[in-house]
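Summary of structural features
As a plain string of letters, each chain reads:
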Amino acid sequence: MSSLDMMIDLQLQANYINWIGMMFIRCYCYLIVPLGLIGHLFNVYIFTRPSLRSNPCVMYFLAATIFGLLVTCFILPMRLIQSAYIGTDPGAYSSIICKVIWFLLNSIRASSFWLIVLACADRYFCSSTSTNKRAWSSIRVAIRSIPFTILLCFIAYIHVPIFFKIDIISATNKPVCYPSGPPGTYRLFLSYFNLIFFGLAPSLSMCAFAMLMLRNIKKSKLLRVLPLTSVNNVVNKNRHKTDRQMVRMLLIQILVYSVTGITFSIAWIILATSSTQAKNSVQVAKENLINAVVGMCSNTGPCLSFYLFTLSSKLFRKELNNLFNRCIKKNNQLNNDSTSTRDADRGRATVITKHHLTLESIV
C-alpha cells in the first residue's frame, strides 16, 4: 500500500471516529436537554414547597438545581454547537467568544459540584451531637455560603479567559478552542487544576462529609430527644423524617457526581500528558471521542438530578404526587365548572323557549 493510500485510509478512519463522536453528542444532548429541563422545573416547584423550604439542605439543592438548569440550557446546547457539527464552533473564529464561553462552561459546571458539597456539609452539621456544630445547619448560613461558593468558583477559573486562545491542530489544520487550552505548560496546569478543583476536591469532600454524617447518624440515632409534649413529638418526628430523606437524596448525588467528576478529570490528565507527542488524524479523532464521551457524561449529575431525587426519596415522590393530584383535581374542577355552565345555559334556553311558546299560544 502506497503512502497516499495509507493517508486516505487514516483520514477515512478519522472521519468515521469523528462522526461517532458527533452522533454521541447529538444523541446525548437531544435526550438530556428536554429531560433535564422538565426535571429541573419540577425540582424548583418541589423545593419551594412549604414543607421543604424551611430545611437548609433544600436551599442547597435548590441552588444546585438552578445551576443544573444553566448546565442543561446553556452548557449542553453550546457543546452541541461546538462539537456535534462541522465548522459551527463560534469560539474557533473569535478569541473573545472562545475565552468567555469556556470561562462560563467551567465556572457553572464547577459551581454545581461544590453546591452539593455544601449540602453534604449541612447534613454533617445537622446530624452532629454538638450544639455549636448543629447551629451551622441553618437558613442563615445557607444564604451566606451559597453566593460565596459561587463567587469562589468563578474566581477559581479567572485564568481561563487570560490564557485560552484559538489553537490550530496540526493533524487537521483546523482552528479549535480546546477546553484544555493551547499546547504547553498551561494545558498541563489546567488539566491538573481540573483534576483537583473539579474532580478530586469536591468528590473527596462529598465522601468525607458523607462518612462523617453516617457516623453521626449511627452514634446519635438522628439526635432522638424525648419531646415534652405530643405536639413537639409530631414536629420532631417530621423533622427527623425529612432529614432522613435529605440524606438519601444526597447519597445518590454523591455517587453520581464523584464517579463522573473524577473520570472526567483523569481523562483530561491522560490527554494533556500526550499533547506534546506527534499524532496523526486517527489519534486526534480518538482523543476527541474520549473527550466528548467523558465531557458529556460529567453533566449527568447536574442535568438529571430530578430523576435521582425521585428514585432515592419517598418524600420527594410524595410532593411530586401531590403536584400531579392538584393538577388533576384542578382540571376536573374546570371541566365540572364548564359542564355546569353549559347545563345552566341549556336550562335558560329551554325556559326562554317555553316562554315564547306560551306567549304564541296565548296570542
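Scroll up a little and you will see the structure.
So, here is what we can say about the structure in this document. (Residues numbered from 1 in each chain as written. Predicted model: local features only at pLDDT ≥ 70, side-chain atom pairs only at ≥ 80, totals over all residues. Heavy atoms only, no water.)

A short note on the nonpolar core
- Ranked by internal contacts, the top residues of the largest apolar core, which has 74 residues, are Phe-61, Ile-116, Tyr-157, Phe-164, Phe-197 and Met-206.
- The leading source of residues in this core is helix H3 (residues 95–126), at 15 residues.
- With sequence-adjacent residues up to four places away left out, Tyr-157 is seen in contact with Phe-103, Asn-106, Ser-107, Ala-110, Phe-193, Asn-194, Phe-197 and Phe-198. (Core = buried A, V, L, I, M, F, W, Y, C linked by side-chain atoms within 4.5 Å. Buried < 20%, exposed > 50% of the residue type's maximum accessible area, 1.4 Å probe, protein only. Helix = DSSP H or I, 4+ residues; strand = E, 2+ residues; numbered from the N terminus. Contact = heavy atoms within 4.5 Å.)

Concerning the packing of aromatic side chains
- All told, the structure shown has 23 aromatic pairs when counted by the stated rule.
- Between Tyr-16 and Trp-19 the ring centres are 6.2 Å apart and the planes differ by 20°, which places this aromatic pair in the stacked class. One end of the pair, Tyr-16, and the other, Trp-19, are both in helix H1 (residues 3–47), three residues apart, so they sit about a helical turn from each other.
- With relative accessibility at 51%, the residue Tyr-16 sits in the exposed group.
- Relative to Phe-324, the ring of Phe-42 has its centre 5.8 Å away and its plane inclined at 85°; by these criteria the two rings are edge-to-face. Taken together, the residues Phe-42 in helix H1 and Phe-324 in helix H12 (residues 314–362) connect sequence positions 282 residues apart.
- Using a relative accessible area of 37% as the deciding quantity, one classes Phe-324 as partly exposed.
- Each residue in the set Phe-42, Phe-47, Phe-61, Phe-306, Tyr-307, Phe-309, Phe-316 and Phe-324 is aromatic and connected to the rest through ring pairs, giving one cluster.
- One Lys or Arg, Arg-49, reaches over the ring of Tyr-45 and ends 3.9 Å from the middle of that ring.
- Across from the ring centre of Phe-198, 5.2 Å away, lies the NZ or CZ of Arg-109, which sits over that ring. (Phe/Tyr/Trp six-rings, centres within 6.5 Å; stacked < 30°, edge-to-face > 60°. Lys NZ or Arg CZ within 6 Å of the ring centre and 35° of its normal.)

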